[in-house]
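Topology and contacts: notes
Each chain is listed here by its residues.
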Amino acid sequence: MTTDEKVTLLHGPMLGMVPQAKRPPGVTIGAGYIPGIARLGIPALVESDASLGVANLGGVLRKGDVATALPSGLALAATWNPDLVYAGGKMIGSEARAKGFNVLLAGGVNLVRDPRGGRTFEYLGEDPLLAGRLVAAQIGGVQSNHIMSTIKHFALNDQETGRNIASVNFDEASARESDLLAFELGIEGGHPGAVMCSYNRVGDTYACENRFLLTDVLRRDWGFSGFVMSDWGAVHSVGALTAGLDQESGEALDTKRFFSTELSSALLAGEVPMAAVDRATLGILTAIYSQGLVDHPVIGKSAIDYAADGAVALRAEQQGIVLLRNQDGILPLKAHPRTILLVGGHGDLGVLSGGGSSQVSPVGGLRRRATATGSFTGYGYGGTPPLEALRTAFPDSVITYIDSTDLPATIAAAAKADIAVVIGEKFSSEGVDVRDLSLGGGQDDLIAAVAGANPNTVVVLETGNPVVMPWRDKVAAILEAWYPGQSGGTAVAQVLSGAVNPSGHLPVTFPADFGQIPNPVLPGSTMGPPSKQDKALYGSAVTSPTFDIGYPEGSDVGYRWYDARHAVPLYPFGFGLSYTHFAYAGLQAHGGAAVRVTFRVTNTGTAAGADVPQVYVTLPGKARRLIGWSRTDLAPGQTRTVTVVADRRLLARYSVQNRGWLVAAGPVKVEVSRAATDPVLTASVRIAAAQLQP
């Protein structure tokens, strides 16, 4: 390859920013584009955002183009079902291929450290094992279409406030045992072609030019052979190439074209060695060939079976809905109610979606759009409207909708209905963190008032984050539906009617109040918006003064923080109710080189259902942590035997001095639990000492 050919693969534009006359003919407009090299048969890389479906950046990139919208990442994580997450990735990948894309910016696995995180809805929860295994499944599903997936955003990119300027200051051992472990598991299991580095600094060095992350951890320790692409607008120097970055994405968003114009000058001046260009080129070519982009090229566009793909989205939401409260077994609604009142949430139009680069224009389009402070896409409602779905699920009931703007009229209507279903919603988006955990807009007062008028009030939450519930004890039932996706209204109605038995379990802890979380004051939250003199990217400051982010919980993310402090959350990690009951028995636990746990699960109720028994271990002086689970479908009276074997890294601490994992010999407490705070079976085993590679 010539030098020019190599450099061609190291940078590319965001085609939407390129004038129409200068765009390559026949190329689908998406997030990014890297020209191919026709002489050598190397295809162009045509890229789309695609965490939850083939995105369209608020519908502006490809006018009128729609795609199947999966429910949010938290909903997918709440299924605890890698097979279903794989199916979702496969579906997205097939639609992307049919639209002309061969690279998907999927695989988001940043841990939920703060419940206010603006991108929390995109990600897969707070536990590195759960998130790592699920993201591996998603990546595997995408890449089964012979197209490439990323894993992102590497690393410690756990809040949106100040994401371009903040520095996460974190000790290596804690990072290895938490955020980096999620990435490690995702890369091991999913084999993504590319890693996308993040906007933030880590230890005062930008992640996209952080040699420790990109060279020492990713390549030296983990043996990653693909390539590292930047996030859009995240490159700050040509020296990023020598630190381990391989490709500059959306180069016009950076202050300079570092990997084209600046790189050419640096090569001529001897400031950047050709060996760095060769390493980057080799990583890109390795990913292109290993993922089948050459042997199975994307040629033109093809038809999409949106009905079949919608069924995948429906199954995901059916399994991702979490039943949080069911007072006196009000759900499922056993007899068809004579009257049902649906309140709020634009339930007559569709379901809410999150904002930012992951937002999908769903099949059928968004029936309502609105702007939102800090979000560069705003929010919208699409998919199956809950009102329509309820009328299908309850054909003999009179179902009406009221938008709740007139509170006295809403209360009067609720008092007359047999059942009141209130949609509580909270929008979140890339680019901005939420400021509190209330529903906002007077919704908490609305729910309390409706519940005061009608004791049979059911709350359906459409949220991208955990929320507080001051009205919890006043309502009869609560469903966490997250952002429900393409077929979300249908799934909610099916759960209310009993056609679907809820089986979702929380992938994040719901705090009782701000005082329980590690950073009650969100780092950077006192910083004002960018001034006219500050450069901003997607509404976020780029040139404002930096600030530090510290995470006092260290590796004890989420439920482990609560466990270490004996704090009682509103709802614990792993929690989820069902319309049936499950019993655990026959625990056998073995130690030695690893921890192996076997037990029986029995459906003791009268309805078929799925359970998610979880296995936790507690090492001496440590908080408990998840080592495995098994999603188990059971008919009434049916019993199955479950076996869980721990990844030994979950029994170890990371030693920076030894550059590896150290397992200490000694006792380990083992628990089979319904949730992180609800053990049912317990045992103790002894494990053997070991030293493992990083």
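These remarks concern the structure in this document.

What counts as what
- Residues numbered from 1 in each chain as written.
- Predicted model: local features only at pLDDT ≥ 70, side-chain atom pairs only at ≥ 80, totals over all residues.
- Heavy atoms only, no water.
- Helix = DSSP H or I, 4+ residues; strand = E, 2+ residues; numbered from the N terminus.
- Rg over C-alpha atoms; globule rule 2.2 N^0.38 Å.
- Buried < 20%, exposed > 50% of the residue type's maximum accessible area, 1.4 Å probe, protein only.
- Areas by Shrake-Rupley, 256 points an atom, 1.4 Å probe, with all protein chains shown as cover.
- Disulfide = S-S within 2.5 Å.
- Salt bridge = Lys/Arg side-chain N within 4 Å of Asp/Glu carboxyl O.
- Phe/Tyr/Trp six-rings, centres within 6.5 Å; stacked < 30°, edge-to-face > 60°.
- Lys NZ or Arg CZ within 6 Å of the ring centre and 35° of its normal.
- Arc of directions from axis to C-beta.
- Contact = heavy atoms within 4.5 Å.

A word on the overall build of the protein. Summing up its helical and strand segments, the protein has 16 helices and 33 strands in all. Its C-alpha atoms give the protein a radius of gyration of 25 Å, within 12% of the compact-globule value 26 Å for 694 residues. C-alpha extents for the protein along the principal axes are approximately 80 × 65 × 50 Å. Considering the protein as a whole, with its 694 residues, one finds that 64% of them fall into the buried category. Here the protein has roughly 23700 Å² of accessible surface; of this, 52% comes from carbon and sulfur atoms.

For the rest of this paragraph, the subject is unusual backbone geometry. Note the cis peptide between lysine 152 and histidine 153, where omega equals -10°. Residue position: histidine 153 is located in strand E4 (residues 148–154). Between leucine 331 and proline 332 the backbone carries a cis peptide bond, its omega angle lying at -5°. Within the secondary structure layout, proline 332 lies in the loop between strand E10 (322–326) and strand E11 (339–343). Its identity as a non-glycine residue notwithstanding, histidine 346 has a phi of 50°, on the positive side. Within the fold, histidine 346 resides in the loop between E11 and strand E12 (351–352). What makes histidine 346 partly exposed here is its relative accessible area of 25%.

With that settled, the discussion passes to the state of the cysteines. In the structure shown here, the tally under the stated rule is one disulfide. Note on cysteine connectivity: cysteine 197 is disulfide-linked to cysteine 208, with sulfurs 2.0 Å apart. The S-S bond linking cysteine 197 to cysteine 208 shows a torsion near 105°; that makes this disulfide right-handed. Here cysteine 197, found in strand E6 (residues 194–197), pairs with cysteine 208, found in the loop between strand E8 (205–206) and helix H7 (211–221); they are eleven residues apart in sequence, far enough to count as distant.

A few words on the pattern of salt bridges. This structure, assessed with the given rule, holds 30 salt bridges. Between lysine 99 and aspartate 65 there is a salt bridge whose closest N-O contact spans 2.8 Å. In this pair, lysine 99 is assigned in helix H3 (residues 82–99) and aspartate 65 in the loop between strand E2 (45–49) and helix H2 (73–78), connecting sequence segments 34 residues apart. For the salt bridge of aspartate 158 with arginine 113, the shortest nitrogen-to-oxygen distance reads 3.4 Å. Of this pair, aspartate 158 sits in the loop between E4 and strand E5 (167–168) while arginine 113 sits in the loop between strand E3 (103–105) and helix H4 (128–143); the two residues are 45 residues apart in sequence, bridging distant segments of the chain. For the pair formed by aspartate 158 and arginine 113, the shared burial category is buried.

Take the packing of aromatic side chains next. The geometry of two aromatic rings is summed up by the distance between their centres and the angle between their planes. Applying the stated criterion to the full structure yields 15 aromatic pairs. An aromatic cluster is present here, built from Trp80, Tyr559, Phe573, Tyr616 and Trp629 joined pairwise through their rings. The cationic tip of arginine 674 hangs over the ring face of tyrosine 584; the distance from NZ or CZ to the ring centre is 4.8 Å.

Moving on, we get to helix H12 (residues 386–393). For H12, every residue scored as buried is listed here: Pro386, Leu387, Ala389 and Leu390. Projected onto a plane normal to the axis of H12, the buried residues spread over an arc of 165° and lie on a single side. Where the residues of H12 are buried, they touch E11, E12, strand E15 (398–402), strand E16 (419–426), strand E17 (457–463) and helix H15 (488–497).

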